[in-house]
Amino acid sequence: MKMTFRWFGTGQDPISLPYIRQIPGMTGVVTSLLTIPAGEVWPLDAITAMKDEVTAAGLEVEVIESVNIHEDIKLGLPSRDEKIANYITTMERLKTIGIKCICYNFMPVLDWARSHLYYNLPDGSNTMKYEADFIKGVTVEALAERYAKDADTYEMPGWEPERMKTIRTTLEAYDGMTPDTFYANMKYFLDAIIPHAEKLDIKMAVHPDDPPQPIFGLPKLIISHENIRRYLDLHPSSHNGLTLCTGSLGAKRGADIPAMIREFGGEGRIHFAHVRNLRFENETDFYESAHLSSLGSLDMFDVMKAFHDIGYKGWVRPDHGRMIWDETIKKGRPGYGLYDRALGATYLQGLWEAISRMKG
Ligand code: DNO
């Protein structure tokens, strides 16, 4: 595995590249151009500038998270062809700087959602939380407002105030969308881009829906073993793969993450991994705990062992962390402070070293 760190880019992330470089074992960052709206072609000069900046800091950039998919593609509108063509041009440009993997998601309208961005834990740290009843009782506008206030300087990806202006219309566009239609729209996209991904040798890695249950009446499909299988089968190519996110998939009680790693990873379909823990408070509610197995509901040893057993050579990054040691919103986006993710990265590498050495 290759340990990496998510970095949102200059002006978008208060954590500096030199700090990231000092995290033990860190090989590179996974990043994006956050200011380019979904559906538009990424400018080559911005792509090159990003690459130069990361390289100058002594880090690699091989994974992009994310190149977002325009809503017209998800909805299957006639205008999707133009957006898909733009997506392919962006892929071609990313190839010129050596990108090997693109993480993206097929979540309708919104990216990941939580009820609380800063939930206080007894040890004085704070973390993100998901409370199902809270989400049921809130409007999407009210939640967006809460995020805008709590996330302060930094917009929550997928919840940008600009997008929120037309949120009702976008939500309504999904009225009556059946899973079959949604899968057909996914297939249309995959059939168009995967041949290019093969030619460019860029591994496409879909991120599961987070949380793994419908919210605000929106269909959520990439949430379980069965649905991931269906998604991968829509276009059977090793370049049509998965971002295995333990936190997203693991938020569904009973999900067997190590089994998914062994199955999908064993087939060479996992290209990128987000490894983090969470702690269930009841059947549906959870908060994002520190990465350690003893502090959460997921067993990180079993997760890393499964990756090790399949000979995983792809990218891994620690995922959401708590805010600790006086970290405030000014020092990191929600879930993306420096310290707890750095601790997570070293812990995961410790597990990896122990597993490797025990196998001799
Ligand atoms: C959450 C992240 C997601 C992910 C996108 C991929 O923290 O894992 O926002 O980047 O869904 O497109």
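Note that the structure is predicted; figures quoted are calculated from it, not measured. (Residues numbered from 1 in each chain as written. Predicted model: local features only at pLDDT ≥ 70, side-chain atom pairs only at ≥ 80, totals over all residues.)

A. Seen up close, the overall build of the chain. Within the chain, the regular secondary structure consists of 14 helices and twelve strands. On C-alpha atoms alone, the chain measures out to a radius of gyration of 19 Å, which is about the 21 Å that the 2.2 N^0.38 rule sets for 360 residues. Considering only C-alpha atoms, the chain reaches an extent of 50 × 45 × 40 Å along its principal axes. Residue burial in the chain is summarised as follows: out of 360 residues, 44% are buried. Long-range pairs, those at least 24 residues apart, make up 72% of the contacts in the chain between residues at least 6 apart in sequence. (Helix = DSSP H or I, 4+ residues; strand = E, 2+ residues; numbered from the N terminus. Rg over C-alpha atoms; globule rule 2.2 N^0.38 Å. Buried ≥ 20, exposed ≤ 12 C-beta atoms within 10 Å, placed from the backbone. Contact = placed C-beta atoms within 7 Å.)

B. Inspection of the environment of Gly-28 at higher detail. Here Gly-28 lies in strand 2 (residues 28-31). Assessed through the 23 C-beta atoms surrounding it within 10 Å, Gly-28 is described here as buried. Measuring from C-alpha to C-alpha, the distance between Gly-28 and Trp-7 comes to 9.5 Å, with 21 residues separating the pair along the chain. If we ignore the near neighbours within four places in the chain, the residues touching Gly-28 are Thr-4, Leu-59, Glu-60, Val-61 and Glu-62.

C. Up close: the site of the ligand. Around the ligand, the structure places 13 residues, and the nearest of them are Ser-66, Asn-105, Asp-111, Trp-112 and His-207. Of all the elements, strand 4 (residues 101-105) adds the most residues to the shell around the ligand, at three residues. Grouping the amino acids of the shell around the ligand by side-chain chemistry returns five nonpolar, six polar and two charged. (Near = placed C-beta within 6 Å. Nonpolar A, V, L, I, M, F, W, Y, C, P; charged D, E, K, R; others polar.)

D. The arrangement of the nonpolar core in detail. Membership of the largest hydrophobic core comes to 89 residues, with the highest contact counts inside it found for Ile-102 and Val-303. Broken down by element, the residue count for this core peaks at six residues, all from helix 9 (residues 179-200). In this structure Val-303 touches Thr-246, Ile-257, Pro-258, Ile-261, Val-275 and Leu-298, once residues within four positions along its chain are discounted. (Core = buried A, V, L, I, M, F, W, Y, C linked by C-beta atoms within 7 Å.)

E. Highlighting the environment of Asp-233. Relative to the helices and strands, Asp-233 resides in helix 10 (residues 225-234). Sequence-wise, Asp-233 and Pro-318 are 85 residues apart; in three dimensions their C-alpha atoms are separated by 28 Å.

F. Examining the sheet that holds strand 6 (residues 126-130) more closely. With antiparallel pairing, the four strands of this open sheet are ordered in space as 5-6-11-10. Here the strands that pair on one side only, and so sit at the sheet edges, are strand 5 (116-120) and strand 10 (279-280). (Pairing = 2+ DSSP bridges.)

G. The sheet that holds strand 2, seen in detail. Taken in spatial order, the eight strands line up as 1-2-3-4-7-8-9-12 and close into a barrel, and their pairing is parallel. Taken pair by pair, the neighbouring strands of this sheet meet at an average axis angle of 30°, ignoring direction. Pairing between strand 2 and strand 3 (residues 60-65): three bridges, direction parallel. Looking at strand 3, one finds that Val-30 is bridged to Val-63. (Axes fitted to C-alpha atoms, helices over the stretch in contact; angles between N-to-C directions.)

H. Fine view of the pairing of strand 1 (residues 2-6). Counting buried positions over the five residues of strand 1 gives four, a clear majority of the element. Bridge count between strand 1 and strand 12 (residues 315-318): two bridges; the pairing is parallel. Bridge assignment links Lys-2 to a residue of strand 12, and that residue is Trp-315. When strand 1 meets strand 2, the two strands line up parallel, connected through three bridges. Residue pairing in the sheet places Thr-4 in a bridge with Gly-28 of strand 2.

I. Main features of unusual backbone geometry. Put simply, Glu-65 and Ser-66 share a cis peptide bond, and its omega is 5°. For the bond from Asp-210 to Pro-211, the omega torsion is 5°, close enough to zero to count as cis. Looking at the secondary structure, you find Pro-211 in the loop between strand 7 (203-207) and helix 10. For Asp-201, which is not glycine, the phi dihedral falls at a positive 55°. Looking at where Asp-201 falls in the secondary structure, it is placed in the loop between helix 9 and strand 7. Although it is not a glycine, Trp-325 sits at a positive phi angle of roughly 50°. Tracing the chain through its elements places Trp-325 in the loop between strand 12 and helix 14 (339-358).

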